[in-house]
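An overview of the molecular structure
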Amino acid sequence: MADKEAGGSDTGPRETAPTSAYSSPARSLGDTGITPLSPSHIVNDADPNVSEQQTFLVVVAIDFGTTSSGYAYSFTKEPECIHVMRRWEGGDPGVSNQKTPTTILLTPERKFHSFGYAARDFYHDLDPTEAKQWLYLEKFKMKLHTTGDLTMDTDLTAANGKKVKALEIFAYALQYFKEQALKELSDQAGSEFENSDVRWVITVPAIWKQPAKQFMRQAAYQAGLASPENSEQLIIALEPEAASIYCRKLRLHQMIELSGKAAVNGYSASDTVGAGFAQAKEHVRRNRQSRTFLVENVIGEIWSELEEGDKYVVVDSGGGTVDLTVHQIRLPEGHLKELYKATGGPYGSLGVDYEFEKLLCKIFGEDFIEQFKIKRPAAWVDLMIAFESRKRAAAPDRTNPLNITLPFSFIDYYKKFRGHSVEHALRKSNVDFVKWSSQGMLRMSPDAMNALFKPTIDSIIEHLRDLFQKPEVCTVKFLFLVGGFAEAPLLQQAVHAAFGDKCRIIIPQDVGLTILKGAVLFGLDPAVIKVRRSPLTYGVGVLNRYVEGKHPPEKLLVKDGTRWCTDVFDKFISADQSVALGELVKRSYTPAKPSQLVIVINIYSSELDAVSFITDPGVKKCGTLRLDLTGTSGTAVPARREIQTLMQFGDTEIKATAIDVATSKSVKVGIDFLNY
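Residues numbered from 1 in each chain as written. Predicted model: local features only at pLDDT ≥ 70, side-chain atom pairs only at ≥ 80, totals over all residues. Heavy atoms only, no water.

1. Some details on the packing of aromatic side chains
In total, this model carries 33 aromatic pairs according to the counting rule given. Ring centres of phenylalanine 356 and phenylalanine 387 lie 4.0 Å apart, and the angle between their planes is 5°; on these two criteria the pair is classed as stacked. Highlighted residues: phenylalanine 356 in helix H10 (residues 350-364) and phenylalanine 387 in helix H12 (residues 377-391), separated in sequence by 31 residues. Phenylalanine 387 sits in the buried class, given a relative accessible area of 0%. Its end group placed over the ring of tryptophan 564, arginine 545 keeps NZ or CZ at 5.2 Å from the ring centre. (Phe/Tyr/Trp six-rings, centres within 6.5 Å; stacked < 30°, edge-to-face > 60°. Helix = DSSP H or I, 4+ residues; strand = E, 2+ residues; numbered from the N terminus. Buried < 20%, exposed > 50% of the residue type's maximum accessible area, 1.4 Å probe, protein only. Lys NZ or Arg CZ within 6 Å of the ring centre and 35° of its normal.)

2. A look at the environment of glutamine 509
Tracing the backbone shows glutamine 509 in the loop between strand E21 (504-508) and helix H17 (514-524). The class for glutamine 509 is buried, based on a relative accessible area of 14%. Linking glutamine 509 and valine 482, residues 27 residues apart in sequence, is a C-alpha distance of 9.3 Å.

3. Quick notes on H12
End to end, H12 covers 21 Å across 15 residues, agreeing with the expected 21 Å (1.5 Å per residue, within 8%). The buried count for H12 comes to 11 of 15 residues, which makes it a mostly enclosed element. Turning to H12, its buried residues number three or more, namely Pro377, Ala378, Ala379, Trp380, Val381, Leu383, Met384, Ala386, Phe387, Glu388 and Lys391. (Expected span 1.5 Å × (residues − 1).)

4. Observations regarding the side chain of serine 606
Turning to its location among the elements, serine 606 is positioned in strand E28 (residues 598-606). Residue serine 606 is classed as buried on the basis of its relative accessible area of 2%. Separated by 2.9 Å, the side chain of serine 606 and the backbone nitrogen of leucine 608 make a polar contact. Setting aside its immediate chain neighbours within four residues, serine 606 contacts Leu536, Thr537, Val611, Gly618 and Val619. (Polar contact = N/O pair within 3.5 Å; in protein donor to acceptor, adjacent residues only side chain to side chain. Contact = heavy atoms within 4.5 Å.)

5. Things to note about the pattern of salt bridges
Under the defined criterion, the tally for this structure stands at 27 salt bridges. As a salt-bridge pair, glutamate 423 and arginine 427 come within 3.8 Å of each other at their nearest N and O atoms. Of this pair, glutamate 423 and arginine 427 both sit in helix H14 (residues 422-428), 4 residues apart, which is roughly one turn of that helix. Judged by relative accessible area, which is 38%, glutamate 423 ranks as partly exposed. Look at arginine 427 and you get exposed, because its relative accessible area is 60%. One salt-bridge network, held together by shared partners, links Lys139, Asp353, Glu388, Lys391, Arg392 and Glu487. (Salt bridge = Lys/Arg side-chain N within 4 Å of Asp/Glu carboxyl O.)

6. Digging into the environment of serine 588
Within the secondary structure, serine 588 is located in strand E27 (residues 584-589). Separated by 73 residues in sequence, serine 588 and valine 661 have C-alpha atoms that sit 9.0 Å apart. Among the polar contacts listed, one links the side chain of serine 588 to the side chain of glutamate 642, at a separation of 2.7 Å.

7. Points about the sheet that holds strand E18 (residues 434-437)
Strand order in the open sheet formed by 3 strands is E17-E19-E18, and the pairing between neighbours is antiparallel. Single-partner strands in this sheet number two, and they are strand E17 (402-405) and E18. Going across the sheet, the axis of each strand differs from the next one's by a mean of 30°, ignoring polarity. Bridge analysis of E17 against strand E19 (residues 441-444) gives 4 bridges, and the strand direction is antiparallel. For threonine 405, the partnering residue across the bridge sits in E19 and is methionine 441. Its contacts with the sheet put helix H15 (residues 446-469) on E17 and E19, and the angle it makes with E19 is roughly 85°. (Pairing = 2+ DSSP bridges. Axes fitted to C-alpha atoms, helices over the stretch in contact; angles between N-to-C directions.)

8. Focus on the sheet that holds strand E26 (residues 578-580)
As summarised here, the arrangement of the 8 strands in space is E12-E21-E20-E14-E15-E16-E22-E26, forming an open sheet in which the pairing is mixed. Strands at the two margins of the open sheet, each flanked by one partner only, are strand E12 (255-258) and E26. Sheet twist, expressed as the mean angle between neighbouring strand axes with direction ignored, is 25°. In the packing of helix H7 (residues 239-247) onto the sheet, the strands contacted are strand E14 (311-317), strand E15 (322-330), strand E16 (335-345), strand E20 (478-482), E21 and strand E22 (529-533), and the crossing angle to E14 comes to about 125°. Sitting on the sheet, H15 is in contact with E14, E15, E16 and E20, with an inclination near 35° to E15.

9. Some points on H17
The buried fraction of H17 is high, at 11 of 11 residues. Of all the positions in H17, only Thr514, Ile515, Leu516, Lys517, Gly518, Ala519, Val520, Leu521, Phe522, Gly523 and Leu524 are classed as buried.

This is a description of form; function is not addressed.
Written out as structure tokens, the structure is:
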């Protein structure tokens, strides 16, 4: 980047910079380099390592989903244009391929082979005996949510039962997106696009714990998107926040409202759910050729109905998780404030796949299904793809059955395994709403399909009901339903039936791309969300002077004649406390010995607010704060050094900086939730 900055003035020498081939309408408008979107878009001044605002030519957001993934980008000179990635090779019937399946294939030697449709198709075409040697992974993102003790060494299991390091898989996937995006940008610009020109944004669920966010960042470093030395180049965005930012920009023709009103033009409310969506899909289909979305710089029409202090809920229902966020609008800039800590759980559309698997186990036996998955992994993938396209055809008012093709190898292997036919198994199973059709298909009644959705949808509705009971939430004006699972008419109908009388329910049209576009907007202006809520109580263990009667006797420690109380919890921040962006929690620490070069402080967390000691029930060690004092002291080491630590809890990740008070020098600090 040096050659661009060396020019000083942005008019002359800039033209000879290697990016001059990149033509942009902004060129003709008297190019002024990068224009921040709003005055708040400035790297934190308090950070002594950032001498001047880093300039990125483009923001690329990667929506790394459980079931499907994609990227989108915007040039910082034309922030109102969001470009969604090129169309992918392959694709499924009934599924728009603006995103690609989150599937990855490694060769038998464990080298990266392919990603997305390409991985799936190649794997599918392999000879079954050969397929067992290859490592195929899908839906692996959920592992980061479900693993309680996530580390850099956490494993994932491939379809053939072999184990691989999760970090490697995530890094391979991110590296793939990095290469695709840089290639597309270079093709557009007509010259090589450097990684240093890109600010990367990766989306994660808001309910993810700190270790999972750090894991994603580590994988991105390994993939070469950014580096620990240049961590600002990568931003972690929270999925429902990204959706919220995009929903603010919606125009009326870009959304469908599930109205609770009586019949409109002779349609009942339930008809409008289906009809509105069909029209919208048609509109999107017509516009799909153009992958560029114009975002109004003004605030969208829906937003103009919101007044200062109005609240709304974003329900982000994806493949793996459902994430609920409550935001309040702050005018005039339209900044957002989080009103209640993010909640949600593993209630994504994967739950429907899991119910289908349970149904197959009921009909054909769990022992057979387990064996089939291991012995014929590619055929199992085929079966789930066939189910996916029928799952998308499920609707509340459907009357005709849904047919799911069973792969030939399923029928064949079942006969070998059991000694009787698939048809016989269906007759014997007493599952009356699933029949065998002579064309070699499972024929499911609409009720049977709806039953597969029920447990997942019930969990989502129940979770929303709990949320609506909270005093901060009961006066919500809008509910935005976003994420891939929001396309399911069954979920739309259930949300509408439960909450249609409490607030207006809005679904953006291109609902599967909402997060992706919002993540780009967030990368252009990360300061748009001004206040967040801490999901947990965080603090450290300290020694305090022992007070008779106040402190328990078992905590007494006498050292050099002084009476200390051990294990006292020094609270940095409470669960559900609101924290402003850039707000700092300050603490000073002193090394035990002047010669000490490293201070390691354990960080503890709890879901409870009232914590007195680190030994209290529910308090867990969750990370470390590491202060590296090498190279900060001058020749004379003062007898008592004070290291001032500044921690930020108001961003999407917890961050820390530190200063040696005596010398005002910056101290290298690491805050680690993975390798402690």
